[in-house]
Amino acid sequence: MWEINVKEIIKEKRKVVEGYYKPENIELHTGTYKVLQDGFKVRMVLAHADDKIVLGGYARGYVERPCDRCLKISEMYIDGVIEAVYTFQKKQLPRNEELKDLTNEIPLNGDIIDLEERIVEAIVSSAPDVFVCNPDCKGLCPYCGADLNEEPDHVCEHAPKENIDPRFEKLLKIKNKQEG
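Let me sum up the structure you'll find in this document. (Residues numbered from 1 in each chain as written. Predicted model: local features only at pLDDT ≥ 70, side-chain atom pairs only at ≥ 80, totals over all residues. Heavy atoms only, no water.)

1. Quick look at unusual backbone geometry
Move 1: We note that D50 has phi near 50°; this positive angle belongs to a residue other than glycine.
Move 2: Given the relative accessible area of 74%, D50 is considered exposed.
Move 3: Of note in this structure, L71 is not a glycine but carries a positive phi near 70°.
Move 4: On the secondary structure map, L71 appears in the loop between β6 (52-66) and β7 (73-87). (Buried < 20%, exposed > 50% of the residue type's maximum accessible area, 1.4 Å probe, protein only. Helix = DSSP H or I, 4+ residues; strand = E, 2+ residues; numbered from the N terminus.)

This is the structure:
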């Protein structure tokens, strides 16, 4: 389903490809996660112009991932942007110019374009490095692991007792007095 014939795009000038990308799991830079619901809704438009094929679109869906603060399994929404430019001729650049060229053009090899590579690329590059189940997540106690969302008044008996430098005792008393 995710392979498209180059000759078909050249003939039609513009082609819209829609569907659901339904892998069981997807590997992101932070781990491998279960894909939820119907998978990722994908919509792509391919257009032929100026001896190139331009691809644009999106891949949207949910994966099951643990919160980075409290470790509860939650749904993470990913909204990936698909972009690519396929060229019929490889541009030859001098070796010292290769890194300066940021056109991101993909040379076409054969008559088939594998769109699945661009879908996965969009999903992976759009996934956040840090995920929290909600912005107010308080996380876990660093000493005993208690969930601070479920126990907001948690006072850990395993926390080290504070050894206050005698030079700062007066400042601590002022701070405690201001806080009530």
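2. Here we look at helix α3 (residues 169-179)
Move 1: Judged by how many residues are buried, α3 sits mostly at the surface: zero of eleven residues are covered.
Move 2: Backbone geometry just downstream of α3 places G180 in the positive-phi region, at approximately 100°.

3. Digging into the nonpolar core
Move 1: Within the largest apolar cluster, 31 residues are counted, with the highest numbers of intra-cluster contacts made by V42, M44, I113, L115, I119 and I123.
Move 2: Mapped by element, the contributors of at least two residues to this core are α1 (6-12), β2 (14-21), β3 (25-28), β4 (31-35), β5 (40-49), β6, β7 and α2 (115-126).
Move 3: In terms of residue count, the dominant contributor to this core is β7 (five residues).
Move 4: Setting aside its immediate chain neighbours within four residues, M44 contacts W2, K15, V16, V17, L55, G56, G57, I82, L115 and I119. (Core = buried A, V, L, I, M, F, W, Y, C linked by side-chain atoms within 4.5 Å. Contact = heavy atoms within 4.5 Å.)

4. Section: the pattern of salt bridges
Move 1: If you walk through the whole model with that rule in mind, you get twelve salt bridges.
Move 2: Across the salt bridge formed by D147 and K72, the nearest N and O atoms sit 3.4 Å from each other. Remark: K72 occurs in the loop between β6 and β7 and D147 occurs in the loop between α2 and α3; sequence separation between them is 75 residues.
Move 3: K175 is the partner of E179 in a salt bridge, and the nearest nitrogen-oxygen pair spans 3.8 Å. Note that E179 and K175 are positioned in helix α3 at a spacing of four residues, about one turn of the helix.
Move 4: Overall, the relative accessible area of 59% leaves E179 in the exposed class.
Move 5: Judged by its relative accessible area of 44%, K175 is partly exposed.
Move 6: Overlapping salt bridges, with partners in common, bring together E18, K41 and R43 in one network. (Salt bridge = Lys/Arg side-chain N within 4 Å of Asp/Glu carboxyl O.)

5. What about a nonpolar patch on the surface?
Move 1: On the surface, a cluster of nonpolar side chains totalling about 370 Å² of accessible area is made up of I164, F168, L171 and I174.
Move 2: Taking the relative accessible area as the measure of exposure, F168 reaches 45% and is therefore partly exposed. (Patch = residues over 30% accessible without salt bridge, like charges linked within 9 Å, V, L, I, M, F, W, Y side chains within 5 Å. Areas by Shrake-Rupley, 256 points an atom, 1.4 Å probe, with all protein chains shown as cover.)

6. Notes on the packing of aromatic side chains
Move 1: On inspection of all chains with the given rule, the structure shows one aromatic pair.
Move 2: When the ring of Y62 is compared with that of Y77, the centres are 5.1 Å apart and the planes differ by 50°; the resulting orientation is tilted. With a gap of 15 residues between them, Y62 in strand β6 and Y77 in strand β7 connect regions that are remote in the sequence.
Move 3: Assessed through its relative accessible area of 28%, Y62 is described here as partly exposed.
Move 4: Lying over the aromatic face of Y20, K41 brings its terminal NZ or CZ to 5.8 Å of the ring centre. (Phe/Tyr/Trp six-rings, centres within 6.5 Å; stacked < 30°, edge-to-face > 60°. Lys NZ or Arg CZ within 6 Å of the ring centre and 35° of its normal.)

7. Description of α2
Move 1: With twelve residues, α2 ought to run about 16 Å at 1.5 Å a step, and its terminal C-alpha atoms sit 17 Å apart, in line with that.
Move 2: Looking only at α2, the buried set comprises L115, R118, I119, A122 and I123. Considered in projection along α2, the buried side chains sweep an arc of 130° and stay on one side of the axis.
Move 3: Between the side-chain oxygen of the N-cap and the backbone nitrogen of E116 there are 3.1 Å, and the N-cap of α2 in question is D114. (Expected span 1.5 Å × (residues − 1). Arc of directions from axis to C-beta. Polar contact = N/O pair within 3.5 Å; in protein donor to acceptor, adjacent residues only side chain to side chain.)

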